[in-house]
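What follows is the residue order along each chain.
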Amino acid sequence: MLKATAISRIFKRKHGTVKALDNATLEIKEGEFVSIIGPSGSGKSTLLLTLGGMSHPDQGTVHWNEQLIYDWDVAKRSQWRGTNVGFVFQSFNLVPYLTAYENVSVGLSLANNGAKVTQNIDSLLDELNLSSRKDHLPSELSIGQQQRVALARALVKKPRIILADEPTGNLDPETGKEVMDILKKQHSAGTTVVMITHDPNNAMLAQRTIKIVDGRIVQGQ
Ligand code: ADP
């Protein structure tokens, strides 16, 4: 489904350069649940962004099925992402002046007409236990509710793949478990899930764990 082959990414720094990804190769198969672990600064986020078409590698290729996503122009890549990829971030990235409902609707507006956008925002908010909060701004929501809104925004377009960057990183164990339950349910329903985590218990919920150290994949590719 997604295949990265020998990808490298070098960032220039004030003093020298840093190799965020170093000849990394991995394949994510349709329907898999994969966790990505590794020390801070080892290249996990860069890998996830590269898989999601948001960070052009300096070397190597990323295939979506038979197609090379970085051969597409920016518009085609963002259309592909809008339709197929649901991103979830540690810091939620909600629009502060939009209500919960409106934040979720942003997820739909990013999807193109080809997406199977049949999901009703209300039923999704209901499923995520947010119905009573739909007219609230992010600042009026608890941390757990904010992350559930961010999940709803990612899920509303029924993405083929969810890319989650430490989705429980800012949450207490109980709300973290709620988020993991939602991801597990999505996976059971057939969605591919790739999740960065620092939590070994969450990593163990995945079918496969990829470990990255100094930009190199050392386990699980
Ligand atoms: P992780 O997610 O494992 O913490 P990252 O992928 O965020 O690691 O970062 C890997 C390395 O690349 C780090 O040294 C980080 O500082 C550096 N890096 C990441 N993004 C940028 C950027 N946009 N500009 C400069 N350096 C970056």
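Structure: above.
Small disclaimer: the values here were computed from a predicted structure and weren't measured. (Residues numbered from 1 in each chain as written. Predicted model: local features only at pLDDT ≥ 70, side-chain atom pairs only at ≥ 80, totals over all residues. Heavy atoms only, no water.)

Peer 1: Honestly, helix α2 (residues 74-84) in this entry has me stumped. Any pointers?
Peer 2: Residues that lie three or four places apart on an α-helix share one face, since the helix turns once every 3.6 residues. Restricting attention to buried positions, one finds in α2 the residues Arg77, Trp80, Arg81, Gly82, Thr83 and Asn84. Looking at the buried positions of α2, the neighbouring elements they touch are α1 (44-51), β4 (59-64), β6 (85-89) and β7 (161-165). (Buried < 20%, exposed > 50% of the residue type's maximum accessible area, 1.4 Å probe, protein only. Helix = DSSP H or I, 4+ residues; strand = E, 2+ residues; numbered from the N terminus. Contact = heavy atoms within 4.5 Å.)

Peer 1: How should I be thinking about the sheet that holds β7 in this particular structure?
Peer 2: As a general point, the strands of a sheet are linked pairwise by backbone hydrogen bonds and lie either parallel or antiparallel. One open sheet accounts for 6 strands, arranged β6-β7-β8-β3-β9-β10; its pairing is mixed. Sheet topology places β6 and β10 (216-219) at the edges, where each strand pairs with a single neighbour. Each strand of the sheet is rotated relative to its neighbour by a mean of 20 degrees, with strand direction disregarded. When strand β3 (residues 33-37) meets strand β8 (residues 192-196), the two strands line up parallel, connected through 4 bridges. (Pairing = 2+ DSSP bridges. Axes fitted to C-alpha atoms, helices over the stretch in contact; angles between N-to-C directions.)

Peer 1: Explain the sheet that holds strand β1 (residues 2-12) to me, please; I cannot follow it from the model alone.
Peer 2: Reading across from one edge, β2-β1-β4-β5 is the order of the 4 strands in this open sheet, with antiparallel pairing throughout. Lying at the two open borders of the sheet, with one neighbouring strand each, are β2 (17-28) and β5 (67-68). Of the pairings in the sheet, the one linking β1 to β2 comprises 8 bridges and is antiparallel in character. Looking at β2, one finds that Leu2 is bridged to Ile28. Contacts from α1 reach β1, β2 and β4 within the one sheet, and its direction differs from that of β1 by about 125 degrees.

Peer 1: What's the story with the packing of aromatic side chains in this structure? I'm lost.
Peer 2: To describe a pair of aromatic rings, you give the distance between the ring centres and the angle between the ring planes. Enumeration according to the criterion identifies 3 aromatic pairs in this entry. Measuring from centroid to centroid gives 5.3 Å for Trp64 and Trp80, while their planes differ by 70 degrees, and the two rings are edge-to-face. Remark: Trp80 occurs in helix α2 and Trp64 occurs in strand β4; sequence separation between them is 16 residues. You'll find Trp64 and Trp80 in the same group, each marked buried. (Phe/Tyr/Trp six-rings, centres within 6.5 Å; stacked < 30°, edge-to-face > 60°.)

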